[in-house]
Amino acid sequence: MAKIGFIGLGNMGLPMAQNLLKAGHEVTGFDVSPAAPSKLAEAGGKTAKEIGDAAAGMDVVVTMLPAGQHVRDVYLGNGGVFARAKPGAVFIDCSTIDVETARAVIGEASKKGFLMLDAPVSGGVGGAQGGTLTFMVGGSDAAFAKAQPILEKMGKTIVHAGAAGAGQAAKICNNMILGISMIAVSEAFVLAEKLGLDKQKLFDISSKSSGQCWSMTTYCPVPGPVPTSPANRDYAAGFTAAMMLKDLKLSQEAAKAAGASTPLGANASALYQKYADSGEAGKDFSGIINYLRGS
Ligand code: NAD
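Just so it is clear, the structure is predicted and the values come from calculations on it, not from any experiment. (Residues numbered from 1 in each chain as written. Predicted model: local features only at pLDDT ≥ 70, side-chain atom pairs only at ≥ 80, totals over all residues. Heavy atoms only, no water.)

What follows deals with the overall build of the protein. Check the secondary structure of the protein and you find 13 helices and 9 strands. A compact globule built from 295 residues would reach a C-alpha radius of gyration of about 19 Å, and the protein, at 20 Å, matches this within 12%. Projected onto its principal axes, the C-alpha positions of the protein cover 65 × 45 × 35 Å. Within the protein, buried positions represent 49% of all 295 residues. Once local pairs closer than 6 in sequence are excluded, the contacts in the protein between residues at least 24 apart make up 62%. By element, 56% of the accessible surface of the protein is carried by carbon and sulfur atoms, the whole surface being about 13,100 Å². (Helix = DSSP H or I, 4+ residues; strand = E, 2+ residues; numbered from the N terminus. Rg over C-alpha atoms; globule rule 2.2 N^0.38 Å. Buried < 20%, exposed > 50% of the residue type's maximum accessible area, 1.4 Å probe, protein only. Contact = heavy atoms within 4.5 Å. Areas by Shrake-Rupley, 256 points an atom, 1.4 Å probe, with all protein chains shown as cover.)

What follows is the structure, given as structure tokens:
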């Protein structure tokens, strides 16, 4: 069993670390907020007083942090992971961050002789708790081979998407599709309402025809047709509008840097900004239908 350092024990990181404990690994956790490591300790984990203590002597270090700057600080900072980890250690960054930072930090890791992957996830807090996350992984074959058995304890689907940064690229491309498709489905229901078309009838037809997509059939933004969708519980998140906005902004930064034309992605990002600014940042992202009705 591996000695694993886990840095960033928030909504996602804590249950992921708990699943590694359940699998029999020795897990040492660190978070800037003191409450989170104590919850890990209650589950049988160890707690580190500073970042470096969650890296020193570890076979594997997993990070689950809010954004690119946190990832740079944790890995590259004074007394951070690179400064304290042992030779041959494997680092797995599961945070959703910009492609450029992922490539830069993995590049620094390889210069220092470490193996490192970007491995963002989809599946949300439920997937983290149930160990059913999807991991989209970027990095070398050697790093992937060492990390795969660890990732399998936290997720169900593990895809090696390509070289460093490919995991982040896959994540933001997927979530750009999701943001755009949720707006498309929402606009269709708003138009149907105005045209006097019953929402269930639109669902029955569209879910079986060319308008079919995940935003329609799994996460339908109107209450009724899909009883498990957040629309049936007043848009309690799920996946918040703030998180969708974060991912759409990352997609637009990447599109700009790569010279890709993504006009619908840009519009989706602007609409989610307005929806979040209307005081709904903490609601589920499918609640954008209410913003579209009113705008
Ligand atoms: P969160 O805010 O609940 O957790 C982040 C944790 O990192 C916090 O506990 C915070 O105290 C800690 N942290 C911040 N800076 C730190 C540092 N320097 N050292 C140690 N700990 C530090 O966020 P989350 O919901 O767990 O999300 C984590 C990542 O996963 C984000 O990148 C997010 O975009 C991504 N993600 C989240 C979801 C979701 O549904 N919550 C789904 C997919 C991906």
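So much for the structure itself; the text now carries on.
This part is about the side chain of Asp284. Note on placement: Asp284 falls in the loop between helix H12 (263-280) and helix H13 (288-294). At 5.4 Å, Arg233 is the nearest oppositely charged side chain to Asp284, a buried residue that forms no salt bridge. Reaching out from Asp284, the side chain makes a polar contact with the backbone nitrogen of Phe239 at a distance of 2.9 Å. Those residues within four positions of Asp284 in sequence are excluded, and the remaining contacts are Tyr219, Pro230, Tyr235, Ala236, Ala237, Gly238, Phe239, Thr240, Ala241 and Tyr275. (Lys, Arg positive; Asp, Glu negative; His and termini not counted. Salt bridge = Lys/Arg side-chain N within 4 Å of Asp/Glu carboxyl O. Polar contact = N/O pair within 3.5 Å; in protein donor to acceptor, adjacent residues only side chain to side chain.)

Looking now at the domain arrangement of the protein. Interfaces are often described in size by the accessible area the parts lose on coming together. Split into domains, the protein comes out as domain 1 (3-163) and domain 2 (169-294). Computed over C-alpha atoms, the centres of domain 1 and domain 2 are 30 Å apart. Taken residue by residue, the interface counts 9 residues in domain 1 and 8 residues in domain 2. Summed over both sides, the interface between domain 1 and domain 2 buries roughly 700 Å², with carbon and sulfur atoms accounting for 69% of that surface. For the domain 1 face of the interface with domain 2, the top three residues by lost area are Thr96, Val99 and Met136, together amounting to 55%. (Domains from an automatic or database assignment. Buried area = accessible area lost by both parts, 1.4 Å probe.)

Among the residues making up helix H9 (residues 199-206), those that are buried are Leu202, Phe203 and Ser206. On an axial view of H9, the arc spanned by its buried residues comes to 100 degrees, and they lie on one face. Elements in contact with the buried residues of H9: helix H8 (166-195) and helix H10 (214-217). Two or three places before Gln200, at the opening of H9, Asp198 has a side-chain oxygen 3.2 Å from that residue's backbone nitrogen. (Arc of directions from axis to C-beta.)

A separate point is the side chain of Ser206. Counting through the fold element by element, Ser206 comes out in helix H9. According to the relative accessible area criterion, Ser206 is buried, its value standing at 14%.

With that settled, the discussion passes to the site of the ligand. Surveying the vicinity of the ligand reveals 22 residues, the closest of which are Asn11, Met12, Asp31, Leu65 and Lys246. Asn11 places a polar main-chain atom, nitrogen or oxygen, 2.9 Å from an oxygen atom of the ligand. A distance of 2.8 Å is found between an oxygen atom of the ligand and a side-chain nitrogen or oxygen belonging to Lys246. Relative to its unbound accessible area of 840 Å², the ligand is 84% covered by the protein chains. For the shell around the ligand, the secondary-structure elements that each account for two or more residues are helix H3 (68-76), helix H6 (124-130) and helix H11 (241-258). Looking at the shell around the ligand, you find at least three residues from each of domain 1 (3-163) and domain 2 (169-294). (Near = heavy atom within 4 Å.)

Helices that pack against each other are described as a pair by the angle of their axes relative to one another and the distance between those axes. Interhelical geometry of H3 versus helix H5 (residues 99-111) gives an angle of 10 degrees and a closest axis separation of 10 Å. Relative to H5, H3 is oriented roughly parallel. Judged by residue contacts, Gly68, Val71, Arg72, Tyr75 and Leu76 of H3 engage Thr101, Ala104, Val105 and Glu108 from H5. Here the contact of H3 with H5 is built from residues that sort into 5 nonpolar, 2 polar and 2 charged. (Axes fitted to C-alpha atoms, helices over the stretch in contact; angles between N-to-C directions. Parallel < 35°, antiparallel > 145°, perpendicular 65-115°, else oblique. Nonpolar A, V, L, I, M, F, W, Y, C, P; charged D, E, K, R; others polar.)

Between Ala237 and the following residue, Gly238, the backbone shows a cis peptide bond with an omega angle of 25 degrees. Position of Gly238 among the secondary structure elements: in the loop between H10 and H11. Phi angles above zero are rare outside glycine, and Asp234 is one such case at about 55 degrees. Within the secondary structure, Asp234 is located in the loop between H10 and H11. Residue Asp234 is classed as exposed on the basis of its relative accessible area, which comes to 54%.

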